[in-house]
Amino acid sequence: MNDKIIQFLGKLFETSELNRLHERYGGGRIFSNPIIGIAQGDDPIFRKFKEIISPEHLTPFELWLTENQESVPASKLRVISIVFPFVDKIREESKNVKNFRGVILPAEIYSVGRNYANPFKKEICRQIIDFLNEEGHRAVAGMLSESFTIFVKGKFYSNWSERHIAFATGLGTFSLHEGLITEVGCNIRLASIVTDAPLKITLRKSDKPYGNCLYYSKGTCRKCEERCPGNAIDENGHNKNKCYEYGQKVARRIIARIGPILKPHIRCVNRKLRPPTFPVGCAFCQFGVPCMDRNPTAEI
Ligand code: SF4
Ligand code: SF4
């Protein structure tokens, strides 16, 4: 079943029109081939996320119950995390820095890819759910669930963190810039599904939360800190408030330039739907750094 899912995903990534850049940027793919990780629904790490993130963070079983009236033992549930790696073309062009009226902006090709990622991720979740249903199983996706919300309560967090879910499935670890460093790097997007399909679990190699980051494992690197124009990274980690403020500056300028080709995104914040926004990213900290497209500690 794991192989079937990988094949199904591979085909979708290849053929979906939603995985295409606007023709102004060549119309090529946004994401290369996905990788997946699978965790067992009752893995104790999901309870630990309630301590680390917030008591509001859902376990797979709790997410399941928001969409299904019929209960299933948590041990029978599987969590599929999917990594969407940006293509090399986007990564290469994004290494260059552009200064626009005093604000350093990301390459437009990345902003478009980052903006188009949301509808594509949702489509992938819908298609995987349909695929599993046809195979006789049930499935739910955090990002499609009406219970999903971001919280802004002095700090930013959500009740279904795709990065933490991916960590639980063994796909990667956290880092100085707070992205998840996987075997295909940190310049990725993530989505996940909870299902009762009997999938084979992909074990975590380690429970060390920062094992793939050169700074935390060797005390070296800090390239992401050098690359960040928002001063949002230092030896203590990533400052979400500073990052958000810089991201807003970027968004205003990028939307002024290419707004008509961007896609709207509706978010639920503090359990209330917000007016549409046009996320365009920033992510200098992910480009031209040792963890951009690989796990830099893999050879160590
Ligand atoms: S650039 Fe270096 S220090 Fe920053 S997250 Fe990547 S590996 Fe860690
Ligand atoms: S997204 Fe931009 S502002 Fe935020 S940490 Fe990365 S480079 Fe800095």
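Relevant structure appears above.
Residues numbered from 1 in each chain as written. Chains lettered and ligands numbered in written order. Predicted model: local features only at pLDDT ≥ 70, side-chain atom pairs only at ≥ 80, totals over all residues.

Focus: the overall build of the protein chain
Phase 1: From N to C terminus, the protein chain includes nine helices and 14 strands.
Phase 2: Taking 2.2 N^0.38 as the reference for a compact globule, 300 residues should give roughly 19 Å; the C-alpha atoms of the protein chain span a radius of gyration of 19 Å, in line with that estimate.
Phase 3: Its C-alpha atoms give the protein chain principal-axis dimensions of roughly 55 × 45 × 40 Å.
Phase 4: Burial status across the protein chain gives 42% buried among its 300 residues.
Phase 5: Intrachain contacts of the protein chain at a sequence separation of at least 6 include 73% that bridge at least 24 residues. (Helix = DSSP H or I, 4+ residues; strand = E, 2+ residues; numbered from the N terminus. Rg over C-alpha atoms; globule rule 2.2 N^0.38 Å. Buried ≥ 20, exposed ≤ 12 C-beta atoms within 10 Å, placed from the backbone. Contact = placed C-beta atoms within 7 Å.)

Notes on the site of ligand 2
Phase 1: Neighbouring ligand 2 are His 177, Cys 228, Gly 230, Ala 232, Ile 233, His 238, Cys 243, Tyr 246, Cys 282, Ala 283, Phe 284 and Cys 285.
Phase 2: Looking at the shell around ligand 2 residue by residue, the classes come out as nine nonpolar, three polar and no charged. (Near = placed C-beta within 6 Å. Nonpolar A, V, L, I, M, F, W, Y, C, P; charged D, E, K, R; others polar.)

Re the environment of Gln 286
Phase 1: Tracing the sequence through the fold places Gln 286 in the segment after strand E14 (272-273).
Phase 2: With 26 C-beta atoms packed within 10 Å, Gln 286 lands in the buried category.
Phase 3: Residues Gln 286 and Cys 228, 58 residues apart in the sequence, show an inter-C-alpha distance of 9.1 Å.
Phase 4: Contacts of Gln 286, omitting those with residues within four sequence positions, involve His 177, Gly 179, Cys 186, Asn 187 and Met 292.

Examining the site of ligand 1
Phase 1: Lining the immediate environment of ligand 1, one finds 14 residues, of which Ser 175, Cys 213, Cys 221, Cys 224 and Cys 291 sit closest.
Phase 2: Residue assignment for the shell around ligand 1 shows that the elements contributing at least two residues are helix H7 (214-218) and helix H8 (223-227).
Phase 3: For the shell around ligand 1, the class distribution of residues is 10 nonpolar, two polar and two charged.

Focus on the sheet that holds strand E2 (residues 78-85)
Phase 1: The strand order across the open sheet formed by four strands is E1-E2-E10-E5, and the pairing between neighbours is antiparallel. On the outer flanks of this sheet lie strand E1 (35-40) and strand E5 (139-141), each paired with one strand and no other. Sheet twist, expressed as the mean angle between neighbouring strand axes with direction ignored, is 25°.
Phase 2: Relative to strand E10 (residues 188-195), E5 is paired through three bridges, and the arrangement is antiparallel. When the bridges of E10 are listed, Ala 141 appears paired with Ile 193.
Phase 3: The strands that helix H5 (residues 108-134) touches are E2, E5 and E10; relative to E10, the one it contacts most, it runs at about 25°. (Pairing = 2+ DSSP bridges. Axes fitted to C-alpha atoms, helices over the stretch in contact; angles between N-to-C directions.)

Description of the environment of Ile 188
Phase 1: When you line up the elements, Ile 188 lands in strand E10.
Phase 2: With 48 residues separating them along the chain, Ile 188 and Asn 236 place their C-alpha atoms 23 Å apart.
Phase 3: Excluding anything up to four places from it in sequence, Ile 188 contacts Val 83, Phe 84, Pro 85, Phe 86 and Thr 182.

With respect to the pairing of E2
Phase 1: Burial runs high along E2: eight of the eight residues are buried.
Phase 2: The two faces of E2 match: Arg 78, Ile 80, Ile 82 and Phe 84 on one face and Val 79, Ser 81, Val 83 and Pro 85 on the other face are all buried.
Phase 3: Direction of pairing for E1 relative to E2: antiparallel, over a ladder of six bridges. When the bridges of E2 are listed, Gly 37 appears paired with Ser 81.
Phase 4: In this sheet, E10 lies alongside E2 in antiparallel orientation, the contact comprising eight bridges. Bridged to Arg 78 within E10 is Thr 195.

Concerning the pairing of E1
Phase 1: For E1, the buried fraction is high: six of the six residues fall into the buried class.
Phase 2: Burial along E1 is two-sided: Ile 35, Gly 37 and Ala 39 and Ile 36, Ile 38 and Gln 40, pointing in opposite directions, are all buried.

Let's talk about the environment of Gly 219
Phase 1: By the element assignment, Gly 219 lies in the loop between H7 and H8.
Phase 2: In this structure Gly 219 comes out as exposed when scored by C-beta crowding, with 9 C-beta atoms within 10 Å.
Phase 3: Counting along the chain gives 194 residues from Gly 219 to Tyr 25, while the straight-line C-alpha distance between them is 39 Å.

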